[in-house]
Amino acid sequence: MALRATLIGFSAIIMWSLLALMTASSGKVPPFQLAAMCFTIGTAIGLVALITRPGSFRRLRQPWRVWLVGVAGLFGYHFLYFTALRNAPAVEAGLIAYLWPLLIVVGSALLPGERLGWQHICGALAGLAGMALIVSKNGLSFDDQYVFGYATALLCAFTWAAYSLLSRRFGSVPTDVVTGFCAATAVLALLCHLALEDTVWPQGTIEWLAVAGLGLLPVGAAFYVWDYGVKHGNIQILGTASYAAPLLSTLVLIVAGVGTADWRVGIACLLITGGAVLAAKDFIFGQSKG
């Protein structure tokens, strides 16, 4: 059960690796407008699943705490991420925001029944080093004038880590409720768009397909499988393995002819893969003994 759920959760990481390419292909659609469009599609995915199972809409009736965690997690993360990018250089802000896998691994020690080992921390740090190697190929330059953006990016990381860890605490809540989280996020993103941005629609078939792809996969189905994974799988392995997303994203861009391969990609691959294997050491051996 745990192995299956962990693999299902890992599929979200694979989907997130398509985020950069699809976003780049979506044209000049503003961030909040793009989020509103994508989360609307993501909501449709859940609605289709609910409609096919009579009576399943009752599963959306959850305590207010569940809704607070879910909406704050999905919308809060994206709001803080976009705010960070508006107030700090993308590379530095992105690096800080991507501390969330490490925070998940460390924070898992607070969950009932979880044991945090040295291999989990070392594996997560190796993944962080590999990710940093990829995103900082042109160098890093933290400047005091961007302190608000950096702080927002850090809060962004804590938000997604907290959402993932608290979702684990609400393990009995069905994944169907993510449909409601996506719907609320779509509405809030639309309100932010109307207040902060000018509307720019995708141009041409490629851009519309990119938006549809975003809504179906990395900003849609990924949230459903991640929810299932963190609730029923090995959250420490998922946290460490999440550093594979920027590596896979880079490889996707290289294959698509958008990015270029260099020695950093190779070393990052070793660090991230090695870190994930190290974090999964006990889990793998435990499975083999069982």
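Source: prediction; values computed, not measured. One numbering rule holds for all chains: residues counted from 1, following each sequence as written. In keeping with the predicted nature of the model, local features appear solely for residues at pLDDT of at least 70, side-chain atom pairs appear and are counted solely at 80 or more, and the whole-chain, interface and lining totals rest on all residues. Derived side-chain values reflect all non-hydrogen atoms in the structure, with water molecules and hydrogen atoms excluded from consideration.

Visitor: Sorry if this is basic, but what is going on with the overall build of the chain here?
Guide: Here a helix means four or more residues in a row that DSSP labels H or I, a strand means two or more in a row labelled E, and each is numbered from the N terminus. Of regular secondary structure, the chain possesses 14 helices and zero strands. The order of α-helices and β-strands along the chain, N terminus first, is α-α-α-α-α-α-α-α-α-α-α-α-α-α. Here the C-alpha radius of gyration of the chain, 19 Å, is about what a compact globule of 290 residues would show, namely 19 Å. Viewed in the frame of its principal axes, the chain has a C-alpha envelope of about 55 × 50 × 35 Å. The classification of residues rests on relative accessible area computed with a 1.4 Å probe and restricted to protein chains. Under 20% of the type maximum is buried, over 50% is exposed, and intermediate values are partly exposed. The buried share of the chain, reckoned over its 290 residues, is 49%. Between two residues, a contact is recorded if the distance between any of their heavy atoms is within 4.5 Å. Put simply, 88% of the contacts in the chain that link residues at least 6 apart link residues at least 24 apart. Note that accessible areas follow from Shrake-Rupley with a 1.4 Å probe, and for residues the cover is restricted to the protein chains shown. Total accessible area on the chain is roughly 13600 Å²; 70% of this is exposed by carbon and sulfur atoms. For the purpose of charge, His is not counted, nor are the chain termini; Lys and Arg are scored as positive and Asp and Glu as negative. Think of each charge as sitting on NZ of Lys, CZ of Arg, CG of Asp or CD of Glu. Charge separation in the chain, taken as the distance between the mean sites of 16 positive and 11 negative side-chain charges, equals 15 Å. A radius of gyration in this sense is built from C-alpha atoms; the matching globule rule multiplies 2.2 Å by the number of residues raised to 0.38.

Visitor: Help me out: how do you make sense of the side chain of Asp176 in this one?
Guide: Mapped onto the elements, Asp176 comes out in the loop between helix H8 (147-169) and helix H9 (178-196). Residue Asp176 is classed as buried on the basis of its relative accessible area of 10%. Within the structure, Asp176 has its side chain in polar contact with the side chain of Arg53 (distance 2.6 Å). Here a polar contact is recorded for every N or O atom pair within 3.5 Å, except that within protein the pair must consist of a potential hydrogen donor and a potential acceptor, and residues adjacent in sequence are included only if both atoms are side-chain atoms.

Visitor: Looking at this structure, I do not really get the nonpolar core. What am I missing?
Guide: Grouped burial of nonpolar side chains is what soluble globular proteins tend to show. Nine residue types can take part in a nonpolar core, namely buried Ala, Val, Leu, Ile, Met, Phe, Trp, Tyr and Cys, and a core is a set of them joined through side-chain atoms within 4.5 Å. Judged by nonpolar contacts, the single largest core of 74 residues is most densely connected at Trp16, Trp100, Trp160 and Trp226. Of the residues forming this core, the biggest block, 10 residues, is contributed by helix H10 (residues 204-232). Residues in contact with Trp100, not counting those within four places in the same chain, are Trp16, Tyr77, Ala157, Trp160, Ala161, Trp226 and Ser242.

Visitor: Help me understand the packing of H8 against H10 in this model?
Guide: Geometrically, a packed helix pair is captured by the angle between its two axes and the distance between the axes. The angle between two axes is taken between their N-to-C directions and runs from 0 to 180 degrees, where each axis is a line fitted to C-alpha atoms and a helix contributes only its stretch in contact. Between H8 and H10, the least distance of the axes is 7 Å, while the angle of their chain directions is 60°. Considering the angle they form, H8 stands oblique to H10. The element H8 and its partner H10 pack so that their crossing is right-handed. Here Trp160, Tyr163, Ser164, Ser167 and Arg168 of H8 lie close against H10, whose contacting residues are Phe223, Trp226, Asp227, Gly229, Val230, Lys231 and His232. An angle below 35 degrees is treated as roughly parallel, one above 145 as roughly antiparallel, one from 65 to 115 as roughly perpendicular, and anything else as oblique. Handedness of a crossing follows from how the near helix is turned relative to the far one, being left-handed for an anticlockwise turn of less than a right angle and right-handed for a clockwise one.

Visitor: Mind showing me how you'd approach the state of the cysteines here?
Guide: Here is the idea: a disulfide is a covalent bond, and it sits between the sulfur atoms of two cysteines. In what follows, a disulfide is any cysteine sulfur pair within 2.5 Å. Per the stated rule, a full pass over the model turns up zero disulfides. The structure places no disulfide on Cys38, whose sulfur is separated from the nearest cysteine sulfur, that of Cys182, by 11 Å. Relative accessible area serves as the criterion here: at 2%, Cys38 is assigned to the buried category. We note that Cys192 lacks a disulfide partner, and the nearest cysteine sulfur, in Cys156, lies 14 Å from it.

Visitor: How should the environment of Met22 be read in this particular structure?
Guide: Its location among the elements puts Met22 in helix H2 (residues 19-25). Since its relative accessible area comes to 18%, Met22 is described here as buried. Spatially, the C-alpha atoms of Met22 and Leu216 are 11 Å apart, while their sequence positions differ by 194 residues. In contact with Met22, not counting residues within four places along its chain, are Ala210, Gly213, Leu214, Leu217 and Pro218.

Visitor: Where do I start with the environment of Ala161 in this structure?
Guide: Summarising the element assignment, Ala161 is placed in helix H8. Owing to a relative accessible area of 3%, Ala161 belongs among the buried residues under this scheme. Separated by 78 residues in sequence, Ala161 and Gly239 have C-alpha atoms that sit 8.9 Å apart. The contact partners of Ala161, leaving out residues within four places of it in the chain, are Trp100, Leu103 and Ile104.

Visitor: What am I meant to see in the packing of aromatic side chains here?
Guide: Ring pairs (aromatic) are described by centroid distance and by the angle formed between their planes. In this analysis, rings of Phe, Tyr and Trp, with Trp reduced to its six-membered ring, are considered paired at centre separations within 6.5 Å, and the interplanar angle assigns stacked below 30 degrees, edge-to-face beyond 60, and tilted for intermediate values. Enumeration over the complete set of coordinates arrives at 21 aromatic pairs. With a centroid separation of 6.1 Å and an interplanar angle of 85°, the aromatic rings of Trp16 and Trp100 are classed as edge-to-face. With Trp16 in helix H1 (residues 2-16) and Trp100 in helix H6 (residues 100-107), this residue pair connects regions lying 84 residues apart in the sequence. Taken individually, Trp16 and Trp100 each receive the classification buried, so the pair is uniform in this respect. Both rings, one in Phe32 and one in Phe82, keep their centres 5.2 Å apart while their planes meet at 90°; by these two values the pair is edge-to-face. Remark: Phe82 occurs in helix H4 (residues 64-87) and Phe32 occurs in helix H3 (residues 31-51); sequence separation between them is 50 residues. Residue class for Phe82 comes out buried when judged on its relative accessible area of 14%.

Visitor: What should I look at first to understand the pattern of salt bridges in this one?
Guide: Pairing between side chains of opposite charge can happen when the charged atoms of each approach one another. Whenever a carboxyl oxygen of Asp or Glu lies within 4 Å of a side-chain nitrogen of Lys or Arg, that contact is scored as a salt bridge. Considering all chains together, one arrives at six salt bridges under this definition. Of the charged contacts, one joins Asp227 and Lys231 as a salt bridge, the two residues approaching to 3.1 Å between their closest N and O atoms. Pair noted here: Asp227 and Lys231 are both in helix H10, with a separation of four residues, about one helical turn. Residue Asp227 is classed as buried on the basis of its relative accessible area of 2%. Connected through salt bridges with shared partners, the residues Arg53, Arg59 and Asp176 form a single ionic network.

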